[in-house]
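Inside the fold
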Amino acid sequence: MSVDGLIVVDKPSGMTSHDVVARIRRFARTRRVGHGGTLDPMATGVLVIGVGRATRLLTYVIGAGKRYTATIRLGQSTITDDAEGDVVTQASAGGITDEQVRAGLLPLTGEIDQVPSAVSAIKIDGQRAYKRVRDGEAVQLAARRVTVSRLDLLDVRRPTPELVDLDVDVTCSSGTYIRAIARDLGVALGVGGHLTALRRTAVGGFELTEAVTLDELAEREPQDVVNLPVEAAARRFFTSRQADAAEAKVLSHGGPLEPAGIDGPYAVFDPAGGLIAIVSERGGRARAEIVLAPA
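An account of the accompanying structure is given in this report. (Residues numbered from 1 in each chain as written. Predicted model: local features only at pLDDT ≥ 70, side-chain atom pairs only at ≥ 80, totals over all residues. Heavy atoms only, no water.)

For helix 3 (residues 98-105), the complete set of buried residues consists of Val101, Gly104 and Leu105. Around the axis of helix 3, the buried residues are gathered within 100° of arc, so they sit on the same side. Residues of helix 3 that are buried in the fold lie against strand 4 (66-74), strand 10 (144-160), strand 11 (163-172) and helix 5 (178-189). (Buried < 20%, exposed > 50% of the residue type's maximum accessible area, 1.4 Å probe, protein only. Helix = DSSP H or I, 4+ residues; strand = E, 2+ residues; numbered from the N terminus. Arc of directions from axis to C-beta. Contact = heavy atoms within 4.5 Å.)

Printed below as a string of structure tokens:
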């Protein structure tokens, strides 16, 4: 039995991305499982899981754009920039108007230099930043260029006279921290801010509407766990090129093909429809970035 493909999971709150991977390893009865982009334990929503050969596609999934719905609370900042951390500052947000909120969101849109949350998975000298923070170190990460192509304010609520809750819809590049948007908005408005809810609604072309829950996956047989076989996943994510039998043999052994003038990377399939490799064209040749033909 061979299980190769992607699973679009609706991650529940309270689990790490690694927890989800561990669960699916049991469901699929294979150790060859990985995820395409970490979600914090508090967050829910789209987590793309690769099984078998499809784990090699995850590097492309990780780099894809993301979309989120989130709730930002103004009036409090926390050590983690989200609701899981201790409150470190408080200031009344009661005087903040809707117009000030919209004005504060504008500089956080477009191409921006964003300092990631100190409690992140970024490595500093081989150790995760969040581990250093939990060990009592002061961590300062360098700013990174990210793109926030959409930052829509959906709703403004005032649960207490001191607090303001904002629901937002965010479309952004890989590497963008929604917690950092909450933090930076709070700083700009002078009252502090942190994230209280986060739901990822899309990764690349994979959307929440096609996601399955872990409970649903637990009811399936191991061979039925994958809901997007590796060939279908590649066709969804990449431009396709059809190889003839001779080309398929060359490419499956890592050899180059003649270029086809396709902007890469793109997927190459054999005459039977099997996925051979992900290819890019450089130096006048079409060369495999990864070979996926079964051994």
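Once that is clear, we can look at the nonpolar core. With 48 residues, the main nonpolar core has Ile7, Ile24, Ile49 and Leu74 as its most contacted residues. Leu6, Val48, Ala64 and Leu292 belong to the second-largest nonpolar core, a separate cluster that totals 24 residues. (Core = buried A, V, L, I, M, F, W, Y, C linked by side-chain atoms within 4.5 Å.)

For the peptide bond that leads from glycine 264 to proline 265, omega is 0°, which places it in the cis range. Assignment of secondary structure puts proline 265 in the loop between helix 8 (245-252) and strand 16 (266-269). Residues other than glycine seldom take positive phi values, yet aspartate 81 does so here, at roughly 65°.

Spatially, 15-16-17-18 is the arrangement adopted by the four strands of the open sheet, whose pairing is mixed. The strands lining the two open edges of the sheet, one partner per strand, are strand 15 (239-242) and strand 18 (285-291). Across the sheet, the axes of successive neighbouring strands diverge by a mean angle of 40°, strand direction being ignored. Two elements, strand 15 and strand 16, share four bridges in a ladder whose sense is parallel. By the bridge assignment, threonine 239 is partnered in strand 16 with tyrosine 266. (Pairing = 2+ DSSP bridges. Axes fitted to C-alpha atoms, helices over the stretch in contact; angles between N-to-C directions.)

The next thing to look at is the environment of valine 88. Structurally, the position occupied by valine 88 is in strand 6 (residues 87-90). A sequence separation of 37 residues divides valine 88 from valine 51, and the C-alpha atoms of the two residues are 41 Å apart. Sequence-distant contacts of valine 88, that is, excluding residues within four places in its chain, are made with Ser77, Thr78 and Ile79.

Bridge analysis of strand 7 (residues 110-114) against strand 10 gives five bridges, and the strand direction is antiparallel. If you follow glutamate 111 over to strand 10, its bridge partner there is threonine 147. Sheet analysis places strand 10 next to strand 11, joined by nine bridges and oriented antiparallel. Bridge assignment links valine 156 to a residue of strand 11, and that residue is leucine 166. Connecting strand 10 to the next strand, strand 11, in antiparallel fashion are two residues.

On the secondary structure map, arginine 200 appears in strand 12 (residues 193-203). For the buried arginine 200, no salt bridge is present, and the opposite-charge side chain at shortest range is aspartate 40, 8.9 Å distant. Here the side chain of arginine 200 touches glycine 37 through a polar contact of 2.9 Å, landing on its backbone oxygen. Here tyrosine 68 takes part through its side chain, which lies 3.5 Å from a polar atom of the side chain of arginine 200. Those residues in contact with arginine 200, other than ones at most four positions away along the chain, are Gly37, Thr38, Leu39, Thr44, Gly45, Val46, Leu47, Lys66, Arg67, Tyr68 and Leu208. (Lys, Arg positive; Asp, Glu negative; His and termini not counted. Salt bridge = Lys/Arg side-chain N within 4 Å of Asp/Glu carboxyl O. Polar contact = N/O pair within 3.5 Å; in protein donor to acceptor, adjacent residues only side chain to side chain.)

Right, let's get into the pattern of salt bridges. Evaluation of the coordinates by the stated rule reveals 18 salt bridges. Residues arginine 199 and aspartate 10 are paired through a salt bridge, measuring 2.8 Å at the closest nitrogen-oxygen approach. Within this pair, whereas arginine 199 is found in strand 12, its partner aspartate 10 is found in strand 1 (residues 5-11), the two being separated by 189 residues in sequence. Linking arginine 183 and aspartate 81 is a salt bridge whose minimum nitrogen-to-oxygen distance equals 3.8 Å.

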